[in-house]
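Structure assessment
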Amino acid sequence: MQNQIDQLVLLNGGFGKRVKSISKQKPKCLIKFKKKSFLYWQLNMFRENGIKEVIICVGYKNQFISQEIKKLNIENLKIKIIKENYPLGTGGAIKNCKKYLKNFFYVTYGDSWLNLRFSNLKKKFINSKSKNIITVIEKKKINNHLPNILIKNNKVIDYCKNKESYNFIDYGLMIFNRTIFNKIKKKRFDLSYIINKLISSKSTDYYKVKSKFYEIGSLKGIKEFKEIIK
């Protein structure tokens, strides 16, 4: 049922090149904050937002993530790890676990800390009747990220990488309809590919978030997250 969205896909296959000095050759989601991995804090945040199942898409040095999951004890949260044999891109990673997906599911990134209630996004998605919804934040609210989304007249016009002239930034949480991935024949592609297909068919919507998100994909982001997790 569309009103029972309780599954989340966590994209954790990146190399984390910008933070290797801190991650020490392990996936960045395992960087410690208050003696707990970032992955631990994320999983608890998902559970508190009503998520019952998390599918973690892994690639780079995935054995360390598997070891961490075995050590963690997150109550009332089912966790499944899906490995990719070679980089598939953010969209390809989701398609790679398609047989485990429910009809509707959230997607977010392994280095993102989201400052919003998932239920608000779900409500907007249900009311919009779209096949996909993305969260966005105005570029003026976040200084260290280039915008990548263009919105005009309350419609998403384009989604791409780092367009300084665009007016919004991808906030890092989305909802997809599973059927979207059925017609994609490619094995390797990014989410931008599929989102732009949905934009062209007028099948996507957006939800504007006012509170800043945090991330640990940069040294500055790690420093900021250390402050808020206190």
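Procedures and definitions
Residues numbered from 1 in each chain as written. Predicted model: local features only at pLDDT ≥ 70, side-chain atom pairs only at ≥ 80, totals over all residues. Heavy atoms only, no water. 1 Å grid on protein atoms, 1.4 Å probe; cavity = no way out; pocket = protein on both sides within 12 Å on 5 of 7 lines; lining within 4 Å. Points joined across faces, edges and corners; volume = space filled by probe spheres on them. Nonpolar A, V, L, I, M, F, W, Y, C, P; charged D, E, K, R; others polar. Buried < 20%, exposed > 50% of the residue type's maximum accessible area, 1.4 Å probe, protein only. Helix = DSSP H or I, 4+ residues; strand = E, 2+ residues; numbered from the N terminus. Contact = heavy atoms within 4.5 Å. Salt bridge = Lys/Arg side-chain N within 4 Å of Asp/Glu carboxyl O.

For the structure shown, the criterion picks out one cavity of 30 Å³ or more. Volume-wise, the largest cavity comes out at about 30 Å³. Its residues placed into classes, the lining of the largest cavity shows three nonpolar, two polar and three charged.

Glancing now at helix H4 (residues 89-96). What H4 keeps buried is the set Gly91, Gly92, Ala93, Ile94 and Lys95. In this structure, the buried residues of H4 make contact with strand E1 (7-12), strand E4 (53-58), strand E6 (104-109) and helix H6 (191-200).

A probe matching the size of a water molecule, rolled over the atoms, marks out where space remains unfilled. Considering only enclosed or pocket space, the largest pocket measures out at about 1,500 Å³ in volume. Lining the largest pocket we find 43 residues, and of these Lys28, Thr90, Tyr109, Asp111 and Lys161 sit closest to its centre. Elements with a contribution of two residues or more to the lining of the largest pocket: E1, E4, H4, strand E11 (168-177) and H6. Sorting elements by how many residues they give to the lining of the largest pocket places E11 first, with four residues. Across the lining of the largest pocket, the residue classes break down as 17 nonpolar, 16 polar and ten charged. By volume, the second largest pocket amounts to about 270 Å³. If you go around the second largest pocket, the residues you meet are Ile22, Ser23, Lys24, Lys26, Pro27, Leu30, Ile31, Lys32, Phe64, Gln67, Glu68 and Lys71. At the level of secondary structure, the elements contributing two or more residues to the lining of the second largest pocket comprise helix H1 (20-23) and helix H3 (62-71). By residue number, the principal contributor to the lining of the second largest pocket is H3, which donates four residues. Residue composition of the lining of the second largest pocket, by class: five nonpolar, two polar and five charged.

It is worth spelling out the pattern of salt bridges at this point. Across all of its chains, the model carries six salt bridges by this definition. With a closest N to O distance of 2.9 Å, Lys102 and Asp6 form a salt bridge. Pair noted here: Lys102 is in the loop between H4 and E6 and Asp6 is in the segment before E1, with a separation of 96 residues, a long-range link. By relative accessible area, which is 36% here, Lys102 ends up partly exposed. For Asp111, the salt bridge identified is with Lys28, shortest N-O distance 3.1 Å.

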